[in-house]
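Secondary and tertiary structure notes
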Amino acid sequence: MSRLAKLEAQIEQWIEGSLSRLLTGRLQAREVAVRLARAMEDHALPGASGERLAPTRYQIRLHPDDAAALQTDSPDLLKSLTSELLIFARELDLTFTAPPTIALEPDSTVEPNGVVVAAASDPKNETRPMPALPAVELASMLHSPKAYLIVEGDKHVPLTRAVITLGRRLDNTIILDDPRVSRHHAQLRQRYGRWVLYDLGSASGTFVNNHRIDECMLRAGDVISLAGVMIIYGEEEQTDAADDTGHTAPLANHPTSVEPRLKDE
């Protein structure tokens, strides 16, 4: 199975939650995500060092009524879709030469509830496949801290995938065998260098530090409750030490001391 086929098989699980809500029922979230992934793969270019370069510019064409409604009702949609592109590029083993951009364009030739996606590389970057500054900025967007969950006080679960699902069903990344937990209860996703927790429309809700959330950027020590199942989010911190030349060299990662935070700080 190709990388793209594997990604398309995963997308339906990944786009549950906030993206579906942002599209407000006008478009199928999976269809939009799949078309973006296909456009990325179809228009990838070979890089100077053998890497494959993802397009940096994307255009989503919609019926004018759909475009106007989404721009009014979901002002954060393009930001959310852009973060999806970063995950897709990682899964497809593609590299961006600059942070990607998405434009939403009304097009009367597109049917209502339809979507057309086009992709292209920025001509300014085609002869400079790996500019230093954007690469550094992109790395900070892609690489979330090494993090882990402590489930029910004793089970240590490292977060080693870009998307982690939690729930009662066996197809979840983290299975919580508790009748109070929804089948697909919550999801953890990497977003611009941080881990973000999303509720997936669970019956009993998702709580962080005793506050019910739809989505929440996590910090070390946050206490998560899924229908009473207690989970602590922790991160490993990296320290530096000077070598004989006076330069700093990274040491092994060390777990951050996790102090549960039950109140806002």
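Rules used throughout
The numbering scheme is per chain: residues are counted from 1 as the chain's sequence reads. The predicted origin of the model limits local features to residues at a pLDDT of at least 70 and limits the giving and counting of side-chain atom pairs to 80 or more, whereas totals for whole chains, interfaces and linings rest on all residues. Each side-chain value is derived from all of the structure's non-hydrogen atoms; neither hydrogens nor water enter the calculation. Strand pairing follows a simple DSSP-based rule, namely that at least 2 bridges must link the two strands. Runs of E in the DSSP output that reach at least two residues are strands. Runs of H or I that reach at least four are helices, and both are numbered from the N terminus. Remark: exposure states derive from per-residue accessible area (1.4 Å probe, protein chains only) relative to the maximum for the residue type, with buried under 20%, exposed over 50%, and partly exposed in between. As a rule, the C-alpha atoms of each element are fitted with a line to give its axis, helices using only the stretch in contact, and angles between N-to-C directions run from 0 to 180 degrees. In what follows, residue pairs with any heavy atoms lying within 4.5 Å of each other are defined as contacts. pLDDT: the predictor's confidence for each residue, scored from 0 to 100. For a helix, the expected span equals 1.5 Å multiplied by the residue count minus one. The term nonpolar core refers to a set of buried residues drawn from Ala, Val, Leu, Ile, Met, Phe, Trp, Tyr and Cys, joined through side-chain atoms within 4.5 Å. As used in this structure description, the phrase polar contact means that two N or O atoms lie within 3.5 Å; if the pair is within protein, one of them must be able to donate a hydrogen and the other to accept it, and residues adjacent in sequence are counted only when both atoms belong to side chains. Here, a salt bridge means any side-chain nitrogen of Lys or Arg that lies within 4 Å of a carboxyl oxygen of Asp or Glu.

**Section: the sheet that holds strand β14 (residues 215-217)**
Pairing is mixed in the open sheet, where five strands are placed in the order β9-β8-β10-β11-β14. At either margin of the open sheet sits one strand with a lone partner, and together these are β9 (174-175) and β14. As paired strands, strand β8 (residues 163-167) and strand β10 (residues 186-191) are joined by four bridges and run antiparallel to one another. Note on β10: the bridge partner recorded for Val163 is Arg189.

**Notes on the pairing of strand β5 (residues 116-120)**
Of the two faces of β5, the one holding Val117 and Ala119 is buried and the one holding Val116, Ala118 and Ala120 is not buried anywhere. Strand direction decides the pairing type here: strand β3 (residues 57-62) and β5, joined by five bridges, are antiparallel. If you follow Gln59 over to β5, its bridge partner there is Ala118.

**Here we look at the sheet that holds β3**
Read across the open sheet, the three strands follow the order β4-β3-β5; overall the sheet is mixed. Looking at the sheet topology across the chains shown, the edges are occupied by β4 (101-106) and β5. The sheet shows a mean angle of 20° between the axes of neighbouring strands, taken without regard to direction. Across the sheet, helix α5 (residues 77-91) is in contact with β3 and β4; its angle to β4 comes to roughly 130°.

**Regarding the confidence of the model for the protein chain**
Residues shown with low pLDDT carry predicted positions that ought not to be read at fine detail. Overall, the prediction assigns the protein chain a mean pLDDT of 77, with 74% of residues at 70 or greater. Predicted confidence is poor over residues 125-142, with pLDDT under 50, and the contacts of this stretch with residues over four places away or in other chains come to 27 contacts. When the criterion is pLDDT under 50, residues 241-257 qualifies, and its contacts beyond four places in sequence or with other chains add up to 29 contacts.

**Considerations on α5**
The end-to-end C-alpha separation of α5 is 21 Å, in line with the 21 Å expected for 15 residues at 1.5 Å each. Buried residues dominate α5, accounting for 11 of its 15 residues. Those residues of α5 that fall on the buried side of the exposure criterion are Leu77, Ser80, Leu81, Thr82, Ser83, Glu84, Leu85, Leu86, Ile87, Phe88 and Ala89. Positive phi shows up at Asp93, right after α5, with a value of about 60°.

**Regarding the nonpolar core**
Counting residues in each nonpolar core, the largest one holds 31 residues, and the members touching the most others are Leu36, Met40, Tyr58, Ile60 and Phe88. Of all elements in the fold, only α1 (3-14), α3 (29-42), β3, α4 (64-73), α5, β4 and β5 reach the threshold of two or more residues within this core. If you tally residues by element for this core, the top one is α3, at seven residues. Counting residues in hydrophobic clusters, the runner-up holds 24 residues, among them Leu149, Leu176, Leu218 and Leu226.

**So, the side chain of Ser202**
Among the structural elements, Ser202 can be located in the loop between β11 (194-199) and β12 (206-208). Engagement of the side chain of Ser202 in a polar contact is seen with the side chain of His185, the distance being 3.2 Å. Once you skip the residues sitting within four places of it in the chain, Ser202 turns out to touch Ser182, His185 and Arg212.

**Considering the pattern of salt bridges**
Taken as a whole, this structure holds six salt bridges when the rule is applied. The partner of Arg194 in a salt bridge is Glu235, and the shortest N-O contact between them spans 2.8 Å. In this pair, Arg194 is assigned in strand β11 and Glu235 in strand β16 (residues 229-242), connecting sequence segments 41 residues apart. With relative accessibility at 23%, the residue Arg194 sits in the partly exposed group.

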